[in-house]
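Okay, here's what each chain looks like letter by letter:
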Amino acid sequence: MQPEESGPSKTLRWWNLTRKLVRREPASVRIGLALGGGFARGIAHVGMLRVFEQNNIPIHCVAGVSAGSMVAAAFAGGCTASDIERVALSMRFRDVARWTISWMGFAGSDPMVAFLKRFLKEDRFENMKTPLAIIATDLTSGDPVVFRGTGDVVLPIRASCAYPGLFRPLKHGGHYLVDGGVSMEVPVRPLREMGANRIIAVHLPAPATSPDPTNVFSVVNRCFQVMGGRLQSEWRKHADLVISPAVGNMAWDSFENAAKMIELGEKAALAALPAIKHWLKPFPVSADSLGLALPAEGSI
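In this report, the structure presented in the accompanying data block is examined. (Residues numbered from 1 in each chain as written. Predicted model: local features only at pLDDT ≥ 70, side-chain atom pairs only at ≥ 80, totals over all residues. Heavy atoms only, no water.)

For the rest of this paragraph, the subject is the pattern of salt bridges. Charged atoms that come close allow side chains of opposite charge to pair. Scanning all chains against the criterion turns up 9 salt bridges. With its nearest N and O atoms 2.5 Å apart, the salt bridge here joins Asp83 to Arg86. With Asp83 and Arg86 both in helix H4 (residues 81-90) and 3 residues apart, the pair spans about one turn of that helix. For Lys117, the salt bridge identified is with Asp123, shortest N-O distance 2.9 Å. The class of Lys117 is partly exposed, set by a relative accessible area of 47%. The class of Asp123 is partly exposed, set by a relative accessible area of 27%. One network of salt bridges, with partners in common, ties together Arg50, Glu85 and Glu266. (Salt bridge = Lys/Arg side-chain N within 4 Å of Asp/Glu carboxyl O. Helix = DSSP H or I, 4+ residues; strand = E, 2+ residues; numbered from the N terminus. Buried < 20%, exposed > 50% of the residue type's maximum accessible area, 1.4 Å probe, protein only.)

Quick look at the pairing of strand S5 (residues 132-138) now. Among the 7 residues that make up S5, 7 are buried, leaving the element largely enclosed by the rest of the structure. As paired elements, strand S2 (residues 61-65) and S5 share 4 bridges and run parallel to each other. Along S5, the bridge assignment pairs Val62 with Leu132. Remark: 5 residues form the turn of the hairpin made by S5 and strand S6 (residues 144-148), two consecutive strands paired antiparallel; Gly142 in that turn has positive phi of roughly 80°. Bridging between S5 and strand S8 (residues 175-178) involves 2 bridges; their strand directions are antiparallel. Among the inter-strand pairings, Asp138 is bridged to a residue of S8, identified as Leu177. (Pairing = 2+ DSSP bridges.)

The next point concerns the nonpolar core. Counting residues in each nonpolar core, the largest one holds 69 residues, and the members touching the most others are Phe52, Leu132, Ile157 and Ile200. For this core, the leading source of residues is helix H9 (residues 258-279), giving 10 residues. Discounting residues that sit within four places of it in the chain, Ile200 has contacts with Ile31, Gly32, Leu33, Ala34, Phe52, Leu241, Ile243, Ile276 and Trp279. Counting residues in each nonpolar core, the second largest holds 16 residues, with Ala63, Met184, Ala196 and Ile199 among its members. (Core = buried A, V, L, I, M, F, W, Y, C linked by side-chain atoms within 4.5 Å. Contact = heavy atoms within 4.5 Å.)

We now examine unusual backbone geometry. You will see that Phe39, though not glycine, has its phi angle at about 55°, which is positive. Relative to the helices and strands, Phe39 resides in the loop between strand S1 (31-35) and helix H2 (44-54). Phi is positive for Asn56, which is not a glycine, with a value near 55°. Residue position: Asn56 is located in the loop between H2 and S2.

For the rest of this paragraph, the subject is the pairing of S8. Bridge count for strand S7 (residues 170-172) against S8 is 3 bridges, and the pairing is antiparallel. Residue pairing in the sheet places His172 in a bridge with His175 of S8. Counted between consecutive antiparallel strands, the loop separating S7 from S8 contains 2 residues, among which Gly173 sits at a positive phi close to 60°.

Another point: the side chain of His45. Among the structural elements, His45 can be located in helix H2. Look at His45 and you get buried, because its relative accessible area is 1%.

See below:
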């Protein structure tokens, strides 16, 4: 029959076991990643994903608007940063749009269907490796429309990318949908609803240039800048960390600068890395915090 432990020896053994359990990564930390739009500037998201991969930063859920919805869906479906980079380096406007004549916009997004089928590893919400949300805007009500949980992801991405004036709105369920950035510049709030309690918001600044009043794209783009600037406080208050890659001097269609934008995304993510890693540090544990009185040294 084994002798029963008692007194200080039993207390110390229990303490050592408890300390090992408590000092693991806190299970309560759930990181959400919100990816904003910016058309070609969205390629900068790839650099951030690479830094997160290399440093084992866990992303528990992801949401995207406009260009951010493409990257978010690719990541959620299991694509690595390198997978996305290969596509980004060769991507051009014609891959996702076709010029057309319409009162509702100058381009249609029909080519995006085939592009996304080739690009994404998964094209349904229920099959995603990481929970995903894609945000579009109801043109009638002005409210955000959040797609997540089940269903096809291709139409929501096309709707989320339907930049007013450039792309025709997408009709869905009797509603016309346009760019998610109109109602939610960076999709932070849906991540709270998906269980995230630490949220990284990625904001892609647009060029701060004077608009050309004779160019419809320039006028619409400037309107977005003004609107976004006034609405920033709404989404920022829900974010724990905001990352803004320095892509403000890149044009909306500067796909030829993909490598540079990926580099800028990496640089911005590396600067934010210490703060993110701090979230994942084990909670400090002491005997007093657990209500334990350890035996004095030499008493065992």
